[in-house]
Amino acid sequence: APEPVSDSLRWKASMSFFKVATRNFTREAAEPAPRLEVEEETSTSSTQLEIEAEEPKTTRDKYGGRHFEHISLQDLFCTPGESRPEMEINSSRGIPFESKLFKGQAIFKLRPRDKSVLSKDYQKYFSGYQRMFSLQIQGKFKMSTEELKGKMIWIGVELGYEEPKLADENKMTLSFMRRTMCSLVLNAINIMRGAILHYSFGEGKQLPHISFPLYIAADTFMETSINSTKKDESEGGSWTELEGCKTDESKASEEPPPIGVAMFPEDEARMKTRRKRNIKDIYDFKGGEEASYSFSLHNGNLDLFSWMARGIPGVKPMDLTQYWRDMPLRIVAYMTEGDLVGSKAVHSHKDKKYLFNFILSNKEARKRYQDMAGKSLQRSKSTVR
């Protein structure tokens, strides 16, 4: 009889399928990988030459980060009526943000083409790892534990124009073949992984998106209890067990781990257990008076600095405007309730309650798309004539 497939092999298989189908918006392994050189193609198209022609200018700001001339990163939940400031990228300290449901700090980490513009800490963070961008969040819910009961928290990305007049254009334009293949592989992953993934290409009232249950999908996840501690005398001495680690009680602190360039120090055994959790077993988040949360998400294939998909086995670098047009990317976490976890569930805007919503756009990519669209229109007119 054939030997049963182990959980580890099933996990590796599902991740391999997912990386090819969704352009790898998944957790990135923390183990060192061969250094990724962005300039890896020997033959370069005219589009790629334009992309990599010149390194955009940068400026420093008060959180120790930078602003890149062609990148815009904003918090959609800034105070209404106020102009939204540009958020810093690769900051050394957390940048405060707040929504109706969540209050905390964020760090957005982005790998530039020229790593010399990075601080020494960020050069070390990106060197030796296949990382293109990371998002690090730390904060508390502005709801009570009772109000959070039974709610599912999702994290992921959306595509969509901000302008209301363009709302009807918030959908991906995929060929029948490409759309069918993506759907088949994504559905296969859902079967193998217990339906942890929710996606849409922009049907109906949904924005194009890929999202996962936060507790299962986050690369690192730590809950710091504020009032409760547990004693463990089995290992000798007096210990306090916090979520994800054990600390000598004499040095125990109610403070969460520091937020900065380094990753949050989640215990590896706990991380593996967390990622095997069933999506139907909803994680009980705690209100702001009881706990704070520190989590992060990483990706090694979405080069948002150049708006390209890279490093996918057997696939050449791809211009994301061919799939997303000039739609900006939204990095989001949102809350749903009720039966919204199945493959047929609809995550419409009215059903989502956002913890955060950061919108990222790339001026270089938008210009590329507009140039391509203009050339396509000219070719169509010539054909008609």
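Residues numbered from 1 in each chain as written. Predicted model: local features only at pLDDT ≥ 70, side-chain atom pairs only at ≥ 80, totals over all residues. Heavy atoms only, no water.

Re the overall build of the protein
- Scanning the protein from N- to C-terminus turns up 9 helices and 18 strands.
- By residue count, 50% of the 385 residues in the protein fall in the buried class.
- For the protein, the share of sequence-separated contacts (at least 6 apart) that also reach a separation of at least 24 residues comes to 72%.
- When the accessible surface of the protein is totalled, it reaches about 19,900 Å², and 53% of it is carbon and sulfur. (Helix = DSSP H or I, 4+ residues; strand = E, 2+ residues; numbered from the N terminus. Buried < 20%, exposed > 50% of the residue type's maximum accessible area, 1.4 Å probe, protein only. Contact = heavy atoms within 4.5 Å. Areas by Shrake-Rupley, 256 points an atom, 1.4 Å probe, with all protein chains shown as cover.)

Thoughts on the sheet that holds strand E17 (residues 329–336)
- Strand order in the open sheet made by the 6 strands is E3-E18-E17-E7-E9-E8, with antiparallel pairing throughout. One side of each edge strand has no neighbouring strand; the edge strands of this open sheet are strand E3 (71–75) and strand E8 (198–200). With strand direction ignored, the average angle separating the axes of adjacent strands in the sheet is 15°.
- Direction of pairing for E8 relative to strand E9 (residues 209–213): antiparallel, over a ladder of 3 bridges. Across the sheet, serine 200 pairs through a bridge with histidine 209, a residue of E9. (Pairing = 2+ DSSP bridges. Axes fitted to C-alpha atoms, helices over the stretch in contact; angles between N-to-C directions.)

Quick notes on the packing of aromatic side chains
- The full count for this structure, using the stated rule, is 23 aromatic pairs.
- Plain terms: the ring middles of tyrosine 215 and phenylalanine 221 are 5.0 Å apart, the flat faces sit at 85° to each other, and that makes the pair edge-to-face.
- Through a chain of ring-to-ring contacts, three or more aromatic side chains come together here, namely Phe97, Phe102, Phe141, Tyr215, Phe221, Tyr283, Phe285, Tyr293, Phe356 and Phe358.
- Positioned above the aromatic ring of tyrosine 129 is the side chain of arginine 131, whose terminal nitrogen or guanidinium carbon lies 3.9 Å from the ring centre.
- In this structure, lysine 352 is placed above the aromatic ring of tyrosine 334, and the distance from its NZ or CZ to the ring centre is 4.6 Å. (Phe/Tyr/Trp six-rings, centres within 6.5 Å; stacked < 30°, edge-to-face > 60°. Lys NZ or Arg CZ within 6 Å of the ring centre and 35° of its normal.)

These results come straight from atomic positions and should not be treated as a statement about function.
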